[in-house]
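# A look at the structure
Chain by chain, the residues:
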Amino acid sequence: MLTLQVNGTAHQVDVPDDMPLLWVLRDVLGLPGTKFGCGIGQCGACTVHVDGKAVRACSLPVSLVGQRPVTTIEGLAEDEVAAEVTKAWLEIDVVQCGYCQPGQIMAAIALLKSNLHPSDDEIDQAMSGNICRCGTYRRIRAAIRNVAGAV
């Protein structure tokens, strides 16, 4: 039995130690916002925050999370940076199919919380590995720049 701190709440989960965090979040805790994409941590659809850092939930065994807090897209309702990112995403009309967007948004928030005024190169570096099959990369960068300019 493991105790996970997810979105500010302690959860007791009875799962194998090697179960990926993604499946604990989706299948055990019922948090479907974190998406399955590739299963090997390469596409970014499963990005969540662990202790404030963007990580790939599909390749992180739940046993390695420990007591570090986990935040999913569902846990951002009261987050000011998340509100600004969401607003910028809507203003720029970033979303097309939307499948990758929870991971894109989680990566953008982690970047902006660590660097409020990133350069284009820093944005590209932080967002690399988050694949958008619709190709909205320019709009994602523009939305992040808008947030950086607004706060």
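Reading the values: the criteria
- Residues numbered from 1 in each chain as written.
- Predicted model: local features only at pLDDT ≥ 70, side-chain atom pairs only at ≥ 80, totals over all residues.
- Heavy atoms only, no water.
- Pairing = 2+ DSSP bridges.
- Helix = DSSP H or I, 4+ residues; strand = E, 2+ residues; numbered from the N terminus.
- Salt bridge = Lys/Arg side-chain N within 4 Å of Asp/Glu carboxyl O.
- Buried < 20%, exposed > 50% of the residue type's maximum accessible area, 1.4 Å probe, protein only.
- Contact = heavy atoms within 4.5 Å.

- As recorded by an unreviewed UniProt entry, the protein carries the name (2Fe-2S)-binding protein and is attributed to Gluconacetobacter dulcium.

### Details of the pairing of strand 4 (residues 53-56)
- The sheet contact formed by strand 3 (residues 47-50) and strand 4 spans four bridges and is antiparallel. Bridge pairing in strand 4 links Thr 47 to Arg 56.
- The turn joining strand 3 and strand 4, which pair antiparallel and follow one another in sequence, is formed by two residues; a positive phi near 55 degrees is taken by Asp 51.

### Some words on the pattern of salt bridges
- For the structure shown, the criterion picks out three salt bridges.
- With a closest N to O distance of 2.7 Å, Arg 145 and Asp 120 form a salt bridge. Placement of Arg 145 in helix 5 (residues 137-150) and of Asp 120 in helix 4 (residues 120-127) is noted, with a sequence separation of 25 residues between them.
- For Asp 120, a relative accessible area of 32% gives the class partly exposed.
- Between Asp 124 and Arg 141 there is a salt bridge; the shortest N-O distance is 2.9 Å. Separated by 17 residues along the polypeptide, Asp 124 in helix 4 and Arg 141 in helix 5 bring together distant segments of the chain.

### Points about helix 1 (residues 21-28)
- When helix 1 is considered as a whole, its buried residues turn out to be Leu 21, Leu 22, Val 24 and Leu 25.
- Next to the buried residues of helix 1 lie strand 1 (2-6), strand 2 (9-13), strand 3 and strand 5 (70-71).
- Downstream of helix 1 by a residue or two, Gly 30 has a phi angle that is positive, lying close to 70 degrees.

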